[in-house]
Amino acid sequence: MADVAANNGSHPRETPKNVFDFGAFVGDLIVEEDASSDDISLEGLQQELEECKNDDVVANILSKGIKLREYTKGVENNLRQVELDSIQVEIGSISSDIKILQEKSMDMGLKLKNRKVAESKLAKFVEDIIVPPRMVDVIVDGEVNDEYMRTLDILSKKLKFVEVDPMVKASKALKDVQPELEKLRQKAVSKVFDFIVQKLQALRKPKTNIQILQQNVLLKFKYVISFLKEHGKEVYNEVRAAYIDTMNKVLSAHFRAYIQALEKLQLDIATSNDMIGVETRSTSLFSRGREPLKNRSAVFALGERLNVLKEIDQPALIPHIAEASSLKYPYEVLFRSLHKLLMDTATSEYLFCDEFFGEESIFYEIFAGPFAVIDEHFNSILPNCFDAIGLMLMIRIIHQHQLIMSRRRIPCLDSYLDKINISLWPRFKMVFDMHLSSLRNANVKLLWEDDIHPHYVMRRYAEFTASLIHLNVEYGDGQLDLNMERLRMAVDDLLMKLAKMFSKPKLQIVFLINNYDMTIAVLKEAGPEGGKIQLHFEDLLKSNTGLFVEELLVEHFSDLIKFVKTRASEDPNASSERPITVAEVEPLVKDFASRWKAAIELMHKDVITSFSNFLCGMEILRAALTQLLLYYTRLSDCIKKINGGTALNKDLVSISSIMYEIRKYSRTF
C-alpha cells in the first residue's frame with residue numbers, strides 16, 4: 001500500500017480492489033465543501049469518517065502528514081494524464097486510419113476515372129466502328145434524299161476512322177467490320193454515281209433551264225460529290241468528266257443556235273467601199289450581202305448607235321421576238337447581246353462549279369467549247385468588218401463588260417475579254433488607216449462638184465471625227481487622238497485641192513467657209529470639248545471669213561477701198577508730189593452715195609445664196625458691213641482734212657445712216 005501511495009497512482013491497474021471505493025470517498029469529501037447546500041444530507045457522515053481511520057491506505061497517507069485534499073488532487077491529475085495519453089494514442093491511430101482511407105479513396109477515384117475514360121473510348125470506338133442495320137438498309141435500299149445524304153456522311157466518318165487511326169487497324173474488331181464497310185462504300189459509290197448521271201442526263205433535254213436545275217436540284221446533292229471525291233476518286237473523275245462533256249456540248253449548242261439567230265438580225269453598216277474619201281458613185285448597194293442602211297450617213301455618224309453603251313447591262317436580245325418584229329440591228333448591238341449572254345452564263349456556271357465541285361478549273365474545261373463557237377463566229381465577222389465606228393463601239397462594250405465582271409468579282413472571263421479586245425484594236429486601226437488612205441489618195445477630179453456648199457467628203461469626215469471624239473471622251477486614248485490628227489491633216493489637204501478646182505478666188509473661199517462651218521457645227525454636237533481639232537477649224541473659219549469680207553467689199557466698192565488703203569493715211573496738208581484733192585475724192589463720195597444701199601442689198605443676196613448656214617452668212621454680212629463702215633469712216637476723216645473738203649459734205653452719207661442699215665440687217669437674225 002505504501003508503494004501505491006508513493007507512485008501517486010502511476011500504475012492504476014495494480015491498485016487493490018478496496019481502492020475502488022475511493023472514488024465515492026473523494027466524492028464525499030467534495031460534497032463536504034458544499035455542506036451548506038440544502039439538498040445534501042450529512043447524516044451518517046461521522047460514522048463513515050470513523051470507519052476510514054481504520055483503512056490502511058488512509059492511515060498511511062495521514063501518517064506522512066499529507067493533506068487528504070492534496071492527495072486526491074494528485075490522484076485526479078494522474079488519472080487525467082493517463083486518460084489524455086490514451087486519447088492521443090487513439091487519435092494517432094485514427095489519423096493513420098484516415099490517411100489509409102484517403103489513399104484508398106484516391107486510388108479508387110483514379111481507377112474509376114480510368115475506367116470511365118476507357119469506357120468512353122470504348123463506347124466511341126464501338127460507335128465509330130459498328131455498322132448499324134439502319135445504315136445498311138438506307139445505303140443499300142434507300143432513295144438518294146436528305147436522309148441518304150446524312151447516312152453517307154456517317155459512312156464517310158466510319159471509313160475515315162478505320163483508315164486513319166493505326167490502333168483501329170490493329171484491332172480484331174476491324175477484321176469483322178471492314179469487309180462490311182467496304183461493301184457499303186462500293187454500294188454507295190455505285191448508287192450515287194447512277195443518281196448523278198441520271199441528273200446530268202436531264203441537262204441534255206431540250207428547253208431545260210440549266211440554272212434552275214443546277215440551283216434547285218444538283219446543289220442539294222453536292223455532298224454526293226464530296227463523298228465521291230474522298231471515297232471513290234475514280235468514280236468522281238468519271239462524274240466530273242461526264243459533267244464537263246455534258247455542259248460543254250449543251251452550252252456550245254446553245255451559243256451556236258443563239259449566234260445563228262442573231263445573224264438573221266444583222267444590219268450591215270459598211271463595206272470596203274464605204275470610206276471617207278471614196279466617191280459616192282463608185283459604191284453600189286448591189287454588192288451588199290445583208291440588209292443595207294437606208295441612211296448611208298450612219299456609216300460615219302454615231303447618232304443613236306451610242307445607245308448600245310447606255311444599255312450595256314440590259315438583258316440579251318431574244319432573237320425570235322426581234323425577228324417577228326422585223327427588226328434589224330448594227331453588229332455592235334448583236335455583239336453586246338452575245339457577250340451579255342456569255343457573261344451571265346459564265347458567272348452562273350463559274351459559281352456553280354466552285355460550289356458543287358470545289359474546282360474552278362472545271363469552268364475552263366466546260367467553256368472551251370462555247371469559247372470556240374464564239375471565236376469561230378467572231379473570226380468570220382471581224383475580217384469583213386469595215387465599220388470603224390462599230391469597231392470602236394465594240395471596244396468600249398468590252399471595256400464596260402470587264403468592269404461589270406470586276407464588280408461581280410468573277411475572274412473567269414478575264415483572259416477571254418482581253419483576247420477579244422486585243423483582236424479589235426488592230427482591226428480598228430486597219431479600217432481607220434483605210435479611211436486615211438482614201439483621203440490621201442482621193443481622185444480630186446472625181447470628187448469635185450461645181451457646188452460651193454459643204455462637200456459630202458467633208459461631212460463624212462466631220463461626222464466620223466465627232467463620233468470618235470465622243471467615244472474617246474471618257475477614255476482619253478492618246479493614240480486615237482494622234483490618229484485623228486493625221487486624219488485632220490489629210491482632209492485639210494484634200495479640201496484645199498477641191499477648193500482650187502473653182503476658178504474664182506471668192507468661190508474658193510465660200511467653199512472653204514461652208515465646209516469649215518459645217519465641220520465645226522458637227523463637232524459641237526459631239527460635245528463642248530471639241531478640242532484641238534475644233535479649234536483648228538475655228539481658226540481657219542475666222543481667217544477665211546476675213547478674206548471673203550475683203551473679196552465681197554472689193555466687188556462692190558473697189559475704188560473706195562483702194563483709195564482708203566493707198567491714200568487715206570496720207571496727210572493732205574503735208575508737202576507731197578501728188579496731194580489729195582477734192583476732185584480726186586468727189587467721184588468716190590458721189591458713187592457711194594448713189595448706190596450704197598443697193599450694193600448692201602446685193603451683198604445680202606450674195607451671202608444668202610452663198611452660205612448654207614444662214615446664221616453663219618449673217619455673221620459674215622455683219623462683218624462685211626462693219627468693215628465697210630470702217631472704210632467709209634476713214635474716207636470721211638480724210639475728206640475733213642482736205643482743203644475745200646467741206647464742199648462734199650452734202651454728198652457724204654452720215655455714219656448714223658450706215659449704222660441704221662447695219663442694224664436693220666442684224667435684226668434679221
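Bear in mind that the values here come from a model prediction, so they are computed numbers and not experimental data.

Peer 1: Would you take a moment to explain the overall build of the protein for this structure?
Peer 2: The helix and strand tally for the protein stands at 27 helices and two strands. Counting the 669 residues in the protein, one finds 42% classified as buried. Taken as a whole, the protein presents about 37,400 Å² of accessible surface, with 55% of it coming from carbon and sulfur.

Peer 1: Teacher, can you tell me more about the packing of helix α24 (residues 531–566) against helix α25 (residues 582–610) here?
Peer 2: The axes of two packed helices give the description: the angle between them and the distance between them. Put simply, α24 and α25 touch, their axes get as near as 8 Å, and they point 165 degrees apart. By the criterion of interaxial angle, the relationship of α24 to α25 is roughly antiparallel. The handedness of the crossing between α24 and α25 is right-handed. In this structure, α24 uses Phe548, Leu552, Leu553, Glu555, His556, Phe557, Asp559, Leu560 and Phe563 to contact α25, whose residues at the interface are Glu584, Val585, Leu588, Phe592, Arg595, Trp596, Ala599, Leu602, Met603, Asp606 and Val607. Across the contact of α24 with α25, the residue classes break down as 14 nonpolar, one polar and five charged.

Peer 1: What's the story with the packing of aromatic side chains in this structure? I'm lost.
Peer 2: Centre-to-centre distance and the angle between the planes together describe a pair of aromatic rings. Under the defined criterion, the tally for this structure stands at 24 aromatic pairs. Between tryptophan 425 and phenylalanine 428 the ring centres are 5.9 Å apart and the planes differ by 90 degrees, which places this aromatic pair in the edge-to-face class. Remark: phenylalanine 428 and tryptophan 425 occur in helix α19 (residues 414–440); sequence separation between them is three residues, near one turn of the helix. According to the relative accessible area criterion, tryptophan 425 is partly exposed, its value standing at 26%. By the ring-pair criterion, three or more aromatic residues cluster together here, those being Tyr350, Phe363, Tyr364, Phe367, Phe371 and Tyr416. Between arginine 396 and the ring centre of tyrosine 475, over which it is positioned, the NZ or CZ distance is 3.8 Å. Residue placement shows arginine 427 over the ring face of phenylalanine 386; its charged tip is 4.9 Å from the ring centre.

Peer 1: Whenever I open this one, the nonpolar core confuses me. Can you help?
Peer 2: Nonpolar side chains tend toward joint burial in soluble globular proteins. Among the nonpolar cores identified, the biggest contains 184 residues, and Leu413, Leu424 and Phe557 are the most heavily contacted of them. For this core, the leading source of residues is helix α26 (residues 614–641), giving 13 residues. For phenylalanine 557, the contacting residues outside a window of four places in its chain are Phe592, Arg595, Trp596, Ala599, Met603 and Leu628.

Peer 1: Sorry, what's going on with α19 here?
Peer 2: Given 3.6 residues per helical turn, the α-helix brings residues three or four places apart onto the same face. Its 27 residues give α19 an end-to-end C-alpha distance of 39 Å, which sits within 8% of 39 Å, the value for a rise of 1.5 Å per residue. Those residues of α19 not exposed but buried are Tyr416, Leu417, Ile420, Leu424, Arg427, Phe428, Val431, Phe432, His435, Leu436, Ser438 and Leu439. Those residues of α19 hidden inside the fold are in contact with α15 (331–356), α17 (368–381), α18 (388–408), α21 (456–472) and α22 (478–499).

Peer 1: Sorry, what's going on with the environment of glutamate 365 here?
Peer 2: Mapped onto the elements of the fold, glutamate 365 is located in helix α16 (residues 361–366). Judged by relative accessible area, glutamate 365 falls into the partly exposed class, the value being 36%. Remark: the alpha-carbon pair of glutamate 365 and methionine 247, spanning 118 residues in sequence, is separated by 9.6 Å. Contact partners of glutamate 365, with chain neighbours within four places excluded, come to Arg240, Ile244 and Asn248. At a separation of 2.8 Å, a polar atom in the side chain of glutamate 365 contacts the side chain of arginine 240.

Peer 1: What is the right way to read the side chain of histidine 455 from this model?
Peer 2: Among the secondary structure elements, histidine 455 is positioned in the loop between α20 (444–447) and α21. Contacts of histidine 455, omitting those with residues within four sequence positions, involve Leu447, Trp448, Leu498, Phe511, Asn515 and Met518.

Peer 1: How should a nonpolar patch on the surface be read in this particular structure?
Peer 2: Together, Leu84, Ile87 and Ile91 give the surface a local cluster of nonpolar side chains, amounting to about 260 Å² of exposed area. Within the secondary structure, leucine 84 is located in helix α5 (residues 68–129). Look at leucine 84 and you get partly exposed, because its relative accessible area is 41%.

Peer 1: Help me out: how do you make sense of the packing of α17 against α19 in this one?
Peer 2: The interhelical angle for the contact between α17 and α19, taken along N-to-C directions, is 10 degrees, at an axis separation of 13 Å. Here α17 lies roughly parallel to α19, going by the angle between them. Here α17 contributes Phe371, Ile374, Asp375 and Phe378 to the contact with α19, which in turn contributes Tyr416, Lys419, Ile420, Ser423 and Leu424. A class-by-class count of the residues in the contact of α17 with α19 yields six nonpolar, one polar and two charged.

Peer 1: Any chance you could explain the side chain of arginine 396 here in plain terms?
Peer 2: Positionally, arginine 396 belongs in helix α18. One buried charge, arginine 396, has no salt-bridge partner; the nearest side chain with opposite charge is aspartate 477, at 5.0 Å. Among all residues touching arginine 396, those that are not within four sequence positions of it are Leu309, Trp425, Leu471, Asn472, Tyr475, Asp477 and Leu480.

Peer 1: How should unusual backbone geometry be read in this particular structure?
Peer 2: Only a minority of non-glycine residues have a phi that is not negative, and only a minority of peptide bonds are not trans. The phi dihedral of lysine 207 is positive, around 65 degrees, even though this residue is not glycine. Within the fold, lysine 207 resides in the loop between α9 (172–203) and α10 (210–216). Classification of lysine 207 as exposed rests on a relative accessible area of 88%. Residues other than glycine seldom take positive phi values, yet serine 326 does so here, at roughly 60 degrees. Here serine 326 lies in the loop between α14 (319–324) and β2 (329–330).

Peer 1: Would you mind going over the confidence of the model for the protein with me for this structure?
Peer 2: For any part of a model where pLDDT is low, the fine detail of the predicted coordinates should not be relied upon. Per-residue confidence for the protein gives a mean pLDDT of 82, with 81% of residues at or over 70. Here residues 1–37 is a poorly scored stretch, pLDDT under 50, and it has 26 contacts once near neighbours within four places are set aside; other chains count.

Peer 1: Just checking my understanding: could you explain the pattern of salt bridges for this structure?
Peer 2: Oppositely charged side chains may form a pair once their charged atoms are brought near each other. Applying the stated rule across the entire model yields 29 salt bridges. Linking aspartate 245 and arginine 204 is a salt bridge whose minimum nitrogen-to-oxygen distance equals 3.1 Å. In this pair, aspartate 245 sits in helix α12 (residues 233–263) while arginine 204 sits in the loop between α9 and α10, placing the two residues 41 residues apart along the sequence. For aspartate 245, a relative accessible area of 32% puts it in the partly exposed group. One salt bridge connects lysine 249 with aspartate 245, and the closest N-O pair in it is separated by 3.4 Å. Taken together, the residues lysine 249 and aspartate 245, both in helix α12 and four residues apart, mark about one turn of the helix. For lysine 249, a relative accessible area of 46% gives the class partly exposed. Because the salt bridges share partners, they merge into one network encompassing Asp313, Lys340, Asp344 and Arg408.

Reading guide: rules and limits
Residues numbered from 1 in each chain as written. Predicted model: local features only at pLDDT ≥ 70, side-chain atom pairs only at ≥ 80, totals over all residues. Heavy atoms only, no water. Helix = DSSP H or I, 4+ residues; strand = E, 2+ residues; numbered from the N terminus. Buried < 20%, exposed > 50% of the residue type's maximum accessible area, 1.4 Å probe, protein only. Areas by Shrake-Rupley, 256 points an atom, 1.4 Å probe, with all protein chains shown as cover. Axes fitted to C-alpha atoms, helices over the stretch in contact; angles between N-to-C directions. Parallel < 35°, antiparallel > 145°, perpendicular 65-115°, else oblique. Left-handed = near helix turned anticlockwise from the far one by under 90°. Contact = heavy atoms within 4.5 Å. Nonpolar A, V, L, I, M, F, W, Y, C, P; charged D, E, K, R; others polar. Phe/Tyr/Trp six-rings, centres within 6.5 Å; stacked < 30°, edge-to-face > 60°. Lys NZ or Arg CZ within 6 Å of the ring centre and 35° of its normal. Core = buried A, V, L, I, M, F, W, Y, C linked by side-chain atoms within 4.5 Å. Expected span 1.5 Å × (residues − 1). Polar contact = N/O pair within 3.5 Å; in protein donor to acceptor, adjacent residues only side chain to side chain. Patch = residues over 30% accessible without salt bridge, like charges linked within 9 Å, V, L, I, M, F, W, Y side chains within 5 Å. Salt bridge = Lys/Arg side-chain N within 4 Å of Asp/Glu carboxyl O. Lys, Arg positive; Asp, Glu negative; His and termini not counted. pLDDT = per-residue confidence, 0-100.

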